[in-house]
Amino acid sequence: MKGMGATQEEYYRGVRMESYDLVKELVIALGAVGVLALIGAAIFSSPDLAPVTIANWAQSDPVDFVTTASGELASATTSAGYGAPYNAAGPGQSWGPIAPQKWFGVRILIDSANAFVIQPLQRASFSNTDLGTALAAWQNASSDQQGTWLDAYTKALANATVTDGGVVVATGDYGPLPVMMSNLLGVAQSGGLDGLLTINGRFYQTDYTQPLLFMGDGEYLSGLADQAHLTGSLWGMMNETGSYPGQTWLWLYTMWYQVFPFNSDTGIIGLNAGNADLGIILLMTLLTAALALVPFTPILRDIPRWIPIHRLIWRQYYAPRKAAARP
Amino acid sequence: MSAPSSVGGSTPGKPESWTVRLRQGIDRHLPMDHLLPDRQPYYVGSWVYVFGVVTIAALFWVILSGVILSFMGPQWWHDSGVGRFVNSLHFWSVQLFFFFMVLHLWGQYFMAGWRKGRAATWMIGVVIFGISILTAFTGYLSQQNFASQFVAINAKDAMNGAGIGAFFNVLNFGQMYGLHVMLLPIGVTFLVVAHIVMVRSRGVVKPIDAEGGAKS
């Protein structure tokens, strides 16, 4: 078998070779690109909008916070009914027999009511007898009774007012919920819930699944994202806060969310807004594979020959031939 | 008097030696004058060839600034002016890296750069593009700011819907940070080296009409 060295020499036989300083080109490129990056860094800096804490949320929008926490108890939030990988409450996305969300099951177990409300309150009730009594009343009540309290309290929250940072609702039979919620709100406003949801019995922590899911259930964070033009209908994933460029290379991925069938409730061939995430990931996987297989794909591999951009790229090569072809 | 044994240098060695076979293979496939050639076909003077070199240059700055950021820790750049500057250098290097890489990709497409046994080079390039997107994505998730929070909360649905979220938890900062600063950059760097070696091993492809067609 001939080595590649011989093959390259054979490949270039008859081709005029010229001096070319590859290392000099690389060094110049390193310098030029470095200068561009330095100019960008010096003039424009980089985005760093401070993260939202649960304390920010509870202080800025206590009604949304309490409404969300009540929704967790009622299993009425996004995370409570999510399905895999957090719980078995929802079916997850599927397309015909393709249901990878269900296949891989519950691997990051989150019980929203317990994780976001009951357990933090149990920890907070350590030296708070009123809260301890309220928690015991809640846990000893039947699920029907809990549902009745939650229903009445949730309806009252629609007309709640904020006084001295606390949430005030019309008088009614809400059982222990007002005590539980005012304590949870107080813990959250002090910053304690940020710690309780992240530490979760450990000292070192790098996993923010619980606080992010909880904040995602509320409307405060998504409202801020809307103001920052980050939401999905505005091609959110590829945007960045401020006027900075974001992940613009995700344009094709985010585009699919804006078009049929992925923006439609009914869709076509079982693909619609309800399983858009699965459908778009499958589509992008296929498109990426198609890009990788361009060298073997008729038409796609022939387009460069049909569209004469290569004649611009290799002007030096084609110009003499064009001149020679003239009469 | 016994024959002097050879110390150092390049001796023929026993042909059955794995070491000798490896050395001979490298000599055959990538001799130094192919790895660092001082002569190229005259049509390589086109500016489109620069896109590949500047992509590598941008990757150098991405890695250099990224190494400083990872050495100083994820909190440093939020609290320090110098840290913010290094992060900005990282941010703009990444933007330049993708900009040049996309130009390189389109340039190679319209040059049909996969011809004459170069399909694997093209395919590895596509894989590098994909892993680079994943690396940047984990970078955005590792910023520890508002954008990270919102990207994570939204991206989890895409990951979970495709079943990937069970293993690749975008809400887990530790997992995303580890992937961003170590595994994925190693993958990109390794594949870029392989890509460059393949380009240098075969040499740049001839203009389309020089050998007819755009088939691989």
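The residue numbers shown here count from 1 along each chain, following its written sequence. Chain labels run from A onward and ligand labels from 1 onward, assigned in the order the entries are written. Under the rules for a predicted model, residues below a pLDDT of 70 receive no local features and side-chain atom pairs below 80 are neither given nor counted, while totals for whole chains, interfaces and linings still include all residues.

Trainee: Residues and numbers for the packing of helix α2 (residues 22–44) of chain A against helix α3 (residues 50–72) of chain B, please.
Mentor: Every angle, taken between N-to-C directions, lies between 0 and 180 degrees, and every axis is a line fitted to C-alpha atoms, over only the stretch in contact when it is a helix. Numbering of helices and strands runs from the N terminus, with a helix taken as a DSSP run of H or I at least four residues long and a strand as a DSSP run of E at least two residues long. At a minimum axis distance of 8 Å, the contact between α2(A) and α3(B) shows a crossing angle of 55 degrees. If you check the angle between α2(A) and α3(B), you find them oblique. Where α2(A) crosses over α3(B), the handedness of that crossing is right-handed. In contact with A:E25, A:L26, A:A29, A:L30, A:V33, A:G34 and A:A37 of α2(A), α3(B) contributes B:V53, B:V54, B:A57, B:A58, B:F60 and B:W61. Polar here means any residue outside two lists: the nonpolar Ala, Val, Leu, Ile, Met, Phe, Trp, Tyr, Cys and Pro, and the charged Asp, Glu, Lys and Arg; Gly therefore counts as polar. The residue inventory of the contact of α2(A) with α3(B), partitioned by class, reads 11 nonpolar, one polar and one charged. Note on angle classes: values under 35 degrees are labelled roughly parallel, values over 145 roughly antiparallel, values of 65 to 115 roughly perpendicular, and the remainder oblique. Each crossing is labelled by how the near helix is turned from the far one, with a counterclockwise turn of less than a right angle marking it left-handed and a clockwise turn marking it right-handed. In this description, any two residues whose backbone-derived C-beta atoms lie within 7 Å of each other are considered to be in contact.

Trainee: Can you break down the domain arrangement of chain B residue by residue, with the values?
Mentor: Residues and elements named next belong to chain B. Domains are outlined according to an automatic or database domain assignment. Examined at the domain level, chain B breaks down into domain 1 (47–96) and domain 2 (112–204). Relative placement of domain 1 and domain 2: their C-alpha centres are 16 Å apart. Across the boundary between the two partners, domain 1 contributes eight residues, which contact seven residues of domain 2. Among the elements that take part in the side of domain 1 that touches domain 2, α3 stands out by supplying five residues, more than any other. Each residue belonging to the side of domain 1 that touches domain 2 can be placed in one class, and the counts come to five nonpolar, three polar and no charged.

Trainee: So, the confidence of the model for chain A: which residues are in play, and what are the values?
Mentor: When pLDDT is averaged along chain A, the result is 91; 94% of the residues meet or exceed 70. The predictor rates its confidence in each residue with pLDDT, a number between 0 and 100. Confidence drops under a pLDDT of 50 for residues 1–6 of chain A, and excluding neighbours within four residues, the segment shows 10 contacts in the predicted structure.

Trainee: Account for unusual backbone geometry, naming residues and giving values.
Mentor: Most peptide bonds take the trans configuration, and most residues that are not glycine carry a negative phi. Residue and element names in this part refer to chain A. For the peptide bond that leads from A84 to P85, omega is 5 degrees, which places it in the cis range. With respect to the element layout, P85 can be found in the loop between α4 (62–73) and α5 (100–103). That bond from F260 to P261 is cis: its omega, 0 degrees, falls within 30 degrees of zero. Inspection of the secondary structure puts P261 in the loop between α13 (251–256) and α14 (276–292). Positive phi is not limited to glycine here, since D164 has a value of about 50 degrees. In this fold, D164 is placed in the loop between β2 (161–163) and β3 (166–168). Classification of D164 by C-beta neighbours within 10 Å gives exposed; the count is 5. As a rule, residues whose C-beta atom has 12 or fewer other C-beta atoms within 10 Å are exposed, those with 20 or more are buried, and those in between are partly exposed; C-beta atoms are placed from the backbone.

Trainee: Residues and numbers for the packing of α3(B) against helix α8 (residues 173–202) of chain B, please.
Mentor: All names here are of chain B. The contact between α3 and α8 brings their axes to 12 Å, and the two run at 155 degrees. Considered as vectors, α3 and α8 are oriented roughly antiparallel to each other. In terms of crossing hand, the pair formed by α3 and α8 is left-handed. Contact residues: α3 offers I56, L59, I63, G66 and S70, while α8 offers V181, P185 and V192. Here the contact of α3 with α8 is built from residues that sort into six nonpolar, two polar and no charged.

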